[in-house]
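Understanding the architecture of this molecule
Single-letter residue listing:
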Amino acid sequence: AQSVTQPDIHITVSEGASLELRCNYSYGATPYLFWYVQSPGQGLQLLLKYFSGDTLVQGIKGFEAEFKRSQSSFNLRKPSVHWSDAAEYFCAVSGGSSASKIIFGSGTRLSIRP
Amino acid sequence: EAGVAQSPRYKIIEKRQSVAFWCNPISGHATLYWYQQILGQGPKLLIQFQNNGVVDDSQLPKDRFSAERLKGVDSTLKIQPAKLEDSAVYLCASSLTSGSGEQYFGPGTRLTVT
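The rules behind each value
Every chain is numbered independently, its residues counted from 1 as its sequence is written. The lettering of chains begins at A and the numbering of ligands begins at 1, in the order of writing. Two thresholds apply to this predicted model, a pLDDT of at least 70 for residue-level local features and 80 or more for giving and counting side-chain atom pairs, whereas whole-chain, interface and lining totals are computed over all residues. With hydrogens and water set aside, each side-chain value is computed from the structure's full complement of heavy atoms. When the sulfur atoms of two cysteines come within 2.5 Å, that pair is taken as a disulfide. The numbering of helices and of strands both runs from the N terminus, where a helix is a DSSP run of H or I of at least 4 residues and a strand a run of E of at least 2. To sort residues, take the accessible area from a 1.4 Å probe on protein chains only and compare it with the maximum for the residue type: under 20% means buried, over 50% means exposed, and anything in between is partly exposed. The working definition used for a salt bridge is a side-chain nitrogen of Lys or Arg within 4 Å of a carboxyl oxygen of Asp or Glu. The contact criterion used throughout is that any non-hydrogen atoms of two residues lie within 4.5 Å. Defined here as a combined quantity, buried area equals the accessible surface (1.4 Å probe) lost by two parts on assembly, summed across both. Throughout this description, a polar contact denotes any pair of N or O atoms lying within 3.5 Å of each other; where both atoms belong to protein, one of them has to be capable of donating a hydrogen while the other can accept it, and for residues adjacent in sequence the pair is counted only when both atoms sit in side chains.

What about the state of the cysteines?
Tallied over the entire structure, the rule returns 2 disulfides over all chains. Paired by a disulfide, C23(A) and C91(A) hold their sulfur atoms 1.9 Å apart. Taking the sign of the torsion about the S-S bond as the criterion, the disulfide between C23(A) and C91(A), at about -65°, is left-handed. Of this pair, C23(A) sits in the loop between β3 (19–21) and β4 (24–26) while C91(A) is found in strand β10 (residues 87–94), placing the two residues 68 residues apart along the sequence. The class for C23(A) is buried, based on a relative accessible area of 0%. Note on C91(A): relative accessible area 0%, which makes it buried. Put simply, C23(B) and C92(B) are joined by a disulfide, and their sulfur atoms are 1.9 Å apart. Between C23(B) and C92(B), the S-S torsion sits near -70°, and that sign places the bridge as left-handed. Here C23(B), found in strand β3 (residues 19–24), pairs with C92(B), found in strand β9 (residues 88–95); they are 69 residues apart in sequence, far enough to count as distant. Of the two residues, C23(B) and C92(B), neither departs from the other in class, the shared state being buried.

Brief notes about the pattern of salt bridges
Residue and element names in this part refer to chain A. Following the criterion strictly, the structure yields 6 salt bridges over all chains and no others. As a salt-bridge pair, E66 and R77 come within 3.3 Å of each other at their nearest N and O atoms. Taken together, the residues E66 in strand β8 (residues 64–68) and R77 in strand β9 (residues 73–78) connect sequence positions 11 residues apart. For E66, a relative accessible area of 23% translates into the label partly exposed. Residue R77 is classed as partly exposed on the basis of its relative accessible area of 23%. Among the ionic pairs, K78 bridges to D85, the shortest N-O distance being 2.8 Å. Considered together, K78 and D85 belong to a single accessibility category, that of buried residues. Because the salt bridges share partners, they merge into one network encompassing E64, E66 and R77.

Points about the interface of chain B and chain A
Taken together, the contacts link 23 residues of chain B with 21 residues of chain A. Across the chain B/chain A interface, buried area totals approximately 1500 Å², and carbon plus sulfur atoms make up 51% of it. Between the two partners, chain B and chain A, sit 0 salt bridges. Applying the counting rule to chain B against chain A returns 2 residue pairs in polar contact (both at pLDDT 80 or more).

As C-alpha cells, this is what we get:
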C-alpha cells in the first residue's frame, strides 16, 4: 500500500536560513510526488510536483524538491526562508492514473524565528 | 479565475445532529474531491467525483456520510447523525482531470461536534 512519512512534526528555522523538509514514500511503481502548503485557515496550495524527467523540480515561492529513487525520498528545500513561509507543509504521493487517489503525509509545521 | 468556494466556513453542532457542507468548484473542472482533515493529520480523501459520477468513495463512512454532485457542478456533503470524532476540517478540491495531482483546494469548513 502506498504511504507517505514526514518524520518532522514541527521545525523552527531563523529567517534567512536554509530549509529542508523531509519526505519518504512507499509505492510499488514510479510515483507522482507533490508538495502542498497550507497557511492557517486556508486550503492547500500546490508548491511543486514530480511526474518524470529531471529529478530536481522547481516550484513556486522559491521552493525546490529532489526525487531520490534509491532513498524513496522527495525532500523540499529553500535556500533562504521568509517569515511568510510559516505554514504547514504536506508531502503527497499518487499513482498518477485517474483511478489513483492522492495520499498525504501528516504534515510538518514550519515556524520562523525572527 | 475564481477559486473553489465552500460554505459555511465554521459550524458547531451537537452529536447526533445533522450537517451539510456545500462546495462550488472552479468552472470547467470535471473532478471534485471531498477530504476530511483531522487536527494534526493530512487530508484524507472521502469521495471523488468525475462529473456527476462517483469514482472513489472507499473511505466514506456510508452509514452516516453522503455526498452528491448533481449536474456535475456543485456538490454537497452531509453527515447524519454526527459523532464527536467527525470534528475536523472538510476540504473540497477540484481539478481539470483526475490523477494529475493538480488539485485546487477551497478554504475548508471547520466542523466542531460537541
